[in-house]
Amino acid sequence: MSVVAITNIGTLVSGDVDNPVLKGDTVICQDGKIRAIGGRELLAQYPECKMIDAGGMTVTPGLIDSHTHPVIGDYTPRQKMSDFIDSSLHGGVTTMISAGECHTPGRPTDPAGVKALAILASKSFNALRPGGVKVHAGAAILEKGLTEADFAEMAAAGVWLVGEVGLGSVKKSEDAVPMVKWAKKHGMKVMMHTGGTSIPGSSTVTADDVMRVAPDVVSHINGGPTAVSLAEVDRLITESDFILEIVQCGNPKVADYTARKMAGLGLLKRIILGNDAPSGTGVIPLGILRTITQLASMSGVPAEVAIAMATGNTAAAYGLNTGVIAPGKEADLVIMDAPMGSVGSDALTAIAAGDLPGVALVLIDGVVKVNKSRNTPPTAGKVTIA
Ligand SMILES: [Zn+2]
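Here goes a summary of the coordinates provided.

Cut-off values and rules
- Residues numbered from 1 in each chain as written.
- Predicted model: local features only at pLDDT ≥ 70, side-chain atom pairs only at ≥ 80, totals over all residues.
- Heavy atoms only, no water.
- Helix = DSSP H or I, 4+ residues; strand = E, 2+ residues; numbered from the N terminus.
- Buried < 20%, exposed > 50% of the residue type's maximum accessible area, 1.4 Å probe, protein only.
- Contact = heavy atoms within 4.5 Å.
- Areas by Shrake-Rupley, 256 points an atom, 1.4 Å probe, with all protein chains shown as cover.
- Lys, Arg positive; Asp, Glu negative; His and termini not counted.
- Charge placed at Lys NZ, Arg CZ, Asp CG, Glu CD.
- Core = buried A, V, L, I, M, F, W, Y, C linked by side-chain atoms within 4.5 Å.
- Polar contact = N/O pair within 3.5 Å; in protein donor to acceptor, adjacent residues only side chain to side chain.
- Pairing = 2+ DSSP bridges.

Turning our attention to the overall build of the chain. Each helix and strand in the chain was counted, giving 11 helices and 22 strands. Overall, the chain is about 60 × 40 × 35 Å in size when its C-alpha atoms are taken along their principal axes. Relative to its 386 residues, the chain shows a buried fraction of 60%. In the chain, the share of contacts with a sequence separation of at least 24, taken over all contacts with a separation of at least 6, comes to 74%. As displayed, the chain has an accessible area near 13800 Å², and 54% of this comes from carbon and sulfur atoms. Taking the average location of the 32 positive side-chain charges in the chain and that of its 37 negative ones, the two points are 1 Å from each other.

What follows is the structure, given as structure tokens:
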């Protein structure tokens, strides 16, 4: 039985939009899960525990990148770059969700190849977590010719994601609708590319297309990178209950519009945050922190709510047992703070002021994976591990 106690927490951000800041300065983790949240008196019950003094800094759930395009392992042929997943870990990301392994060199497009790639990526990332990051990959790309039996076979082999509809040859809604029904029937979560054409071979997708296909997640409502019109954004907000994703590698004006409109309607629980990288825009290790900071500093979203959009909202959308600081959840946690020299006095006020916070420590399943980020600016405070 391994117990880790994080003490001397200045601010405890829950990951829950409806209750974004918790009372308490101590979090107990046991065997990889969060066990208890409260005051220092909790320590009396765990005399043998490993102690992490958070130095009065802010603790948040590990960030979830809802939109990555990995291939196999921690290398992206898209930008010919290694260790992009480990670099994201140093930006506070502990979970990533693949929106399709579309950058696979020579990606097969026949049904046998589609299945093989999805099953391989799923099993490969289950067996090996780069840097410790939980990468949920094997997001099947819909190609013409797939049958219901193919979805059943993929599901039986552990595939539970359908990558952005529109990346493959299934572009028209009449082709996509039956496949999305089969995928959902077999327990899969479906994402759909929305907006202008991203890379040669993909397609332009309008709000009407999305409504007809009815995915679980509207990928990059602010464009990847080209956005739909604001009128189409309005329709997707008010005429559907789909989860809407805002990405870093998209259109910042439409991100702002979407966040303000959803806030006004009390619908921020429906927004999740992704990077959409590796992509033509590049590899952005601090992309989720950047998106949180963008929304909190420019779009009027409280910093702790923006963090919940990148943690608890995404976990709920995909059925993951992480992203929220609550008993029983996986102990994926970040200790962050105002960066040195910021006008902010802590992580949340720095974010609200537009400064990227510094990441001091990252835990995955209660195990320290990063002790001082190599990618964020240094934190004003200091962690002490006893
Ligand atoms: Zn896309």
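Glancing now at the nonpolar core. Leu142, Phe151, Leu236 and Ile292 are the most contacted members of the largest nonpolar core, which has 78 residues in total. Per element, the largest residue contribution to this core is 6 residues, and it comes from helix 9 (residues 303-309). Counting 20 residues, the second largest nonpolar core, distinct from the first, contains Ile9, Ala331, Leu333 and Ala360.

Checked against the element boundaries, Asp65 lands in strand 8 (residues 63-68). When the C-alpha positions of Asp65 and Val334 are compared, they lie 14 Å apart, and in sequence the two are 269 residues distant. A distance of 3.0 Å separates a polar atom in the side chain of Asp65 from the backbone nitrogen of Asn275.

Turning to the pairing of strand 1 (residues 3-7), a few remarks are in order. With 5 of 5 residues buried, strand 1 lies mostly within the body of the structure. In strand 1, alternate side chains face the same way, and those of Val3, Ala5 and Thr7 on one face and Val4 and Ile6 on the other are all buried. Bridge count between strand 1 and strand 4 (residues 26-30): 4 bridges; the pairing is antiparallel. Of the residues in strand 4, the one forming a bridge with Val4 is Cys29. Relative to strand 6 (residues 50-53), strand 1 runs parallel, the two sharing 4 bridges.

Look at the link from Gly224 to Pro225: it is a cis peptide, with omega at -5°. On the secondary structure map, Pro225 appears in the loop between strand 16 (217-218) and helix 6 (230-238). With omega at -10°, the peptide bond leading from Ala277 into Pro278 counts as cis. Positionally, Pro278 belongs in the loop between strand 18 (271-274) and helix 8 (287-298).

Remember, this is a structural readout, not a statement about activity or role.
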